[in-house]
Amino acid sequence: MADEFKKMLDDKEKVQLMIAAVVMLGGLVVLLKSVATGQAMGQRWLESKGNADTDLYLETVKSYIHLYQIVGGVMFGGGLLTLLRAKLKK
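Residues numbered from 1 in each chain as written. Predicted model: local features only at pLDDT ≥ 70, side-chain atom pairs only at ≥ 80, totals over all residues. Heavy atoms only, no water.

Visitor: Looking at this structure, I do not really get the overall build of the protein chain. What am I missing?
Guide: The secondary structure content of the protein chain amounts to 3 helices and 0 strands. Residues counted as buried form 16% of the 90 residues belonging to the protein chain. Sequence-distant contacts, at least 24 apart, represent 69% of the contacts inside the protein chain between residues at least 6 apart. Total accessible area on the protein chain stands at roughly 7100 Å², and carbon and sulfur atoms take up 66% of it. (Helix = DSSP H or I, 4+ residues; strand = E, 2+ residues; numbered from the N terminus. Buried < 20%, exposed > 50% of the residue type's maximum accessible area, 1.4 Å probe, protein only. Contact = heavy atoms within 4.5 Å. Areas by Shrake-Rupley, 256 points an atom, 1.4 Å probe, with all protein chains shown as cover.)

Structure follows, in structure tokens:
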């Protein structure tokens, strides 16, 4: 019974580590693609408005880029910290 419980905990830890690794890699992708995605979202915003001031458009694109950088950074940092904590725990 104890062996089964230990195996179940090990499997649970492996799944958690895999999820952390996926979140970390996803965050890295979001970080690396933040400029292209931010520009695409800015373009979509401009198309929905029809017409906008250049300064407003540039500020909107910058805001979208920062949004994706923050989200990617949080994902990457959270995944990395989870992996490091698991590594130091062993």
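Visitor: Would you mind showing me how to read a nonpolar patch on the surface here?
Guide: Together, V15, I19 and V23 make up an exposed nonpolar region whose accessible area comes to about 230 Å². Summarising the element assignment, V23 is placed in helix α1 (residues 2-32). Overall, the relative accessible area of 32% leaves V23 in the partly exposed class. (Patch = residues over 30% accessible without salt bridge, like charges linked within 9 Å, V, L, I, M, F, W, Y side chains within 5 Å. Salt bridge = Lys/Arg side-chain N within 4 Å of Asp/Glu carboxyl O.)

Visitor: Any chance you could explain the environment of I65 here in plain terms?
Guide: Residue position: I65 is located in helix α3 (residues 54-89). Its relative accessible area of 15% is what places I65 among the buried residues. Sequence spacing of I65 and A36 is 29 residues, and the spatial spacing of their C-alpha atoms is 8.2 Å. Setting aside residues no more than four positions away along its own chain, I65 makes contact with S34, V35 and G38.

Visitor: Mind showing me how you'd approach the packing of helix α2 (residues 34-49) against α3 here?
Guide: Two numbers describe how α2 lies on α3: the axes approach to 8 Å, and their chain directions differ by 140°. Between α2 and α3, the angle falls in the class oblique. In this structure, α2 crosses over α3, and the sense of that crossing is right-handed. Every residue of α3 that contacts α2 at S34, V35, T37, G38, Q39, M41, G42, Q43, W45 and L46 is listed here: L56, Y57, T60, V61, Y64, I65, Y68 and Q69. When the residues that make up the contact of α2 with α3 are grouped by side-chain class, the tally is 10 nonpolar, 8 polar and no charged. (Axes fitted to C-alpha atoms, helices over the stretch in contact; angles between N-to-C directions. Parallel < 35°, antiparallel > 145°, perpendicular 65-115°, else oblique. Left-handed = near helix turned anticlockwise from the far one by under 90°. Nonpolar A, V, L, I, M, F, W, Y, C, P; charged D, E, K, R; others polar.)

Visitor: Help me understand the confidence of the model for the protein chain, please; the structure alone is not making it clear to me.
Guide: Low-confidence regions, as indicated by low pLDDT, have predicted coordinates that should not be scrutinised in detail. Scored by pLDDT, the protein chain has a mean of 89; 89% of the residues are at 70 or more. Per-element confidence in the protein chain is highest for α2, whose mean pLDDT is 96, and lowest for α1, whose mean pLDDT is 82. (pLDDT = per-residue confidence, 0-100.)

Visitor: I'm lost on α3 in this one. Help?
Guide: The end-to-end C-alpha separation of α3 is 52 Å, in line with the 52 Å expected for 36 residues at 1.5 Å each. All of the buried residues along α3 are Y57, T60, V61, I65, G72, G79 and A86. (Expected span 1.5 Å × (residues − 1).)

Visitor: Explanation requested: the side chain of S34 in the structure shown.
Guide: Examined against the element boundaries, S34 turns out to sit in helix α2. Once residues within four sequence positions are removed from consideration, S34 is found in contact with I65, Y68 and Q69.

Visitor: Which parts of the structure should I look at to understand the environment of G79?
Guide: Secondary-structure assignment places G79 in helix α3. In this structure G79 comes out as buried when scored by relative accessible area, which is 2%. Ignoring any residue separated from it by four or fewer positions in sequence, one finds G79 in contact with A20 and M24.

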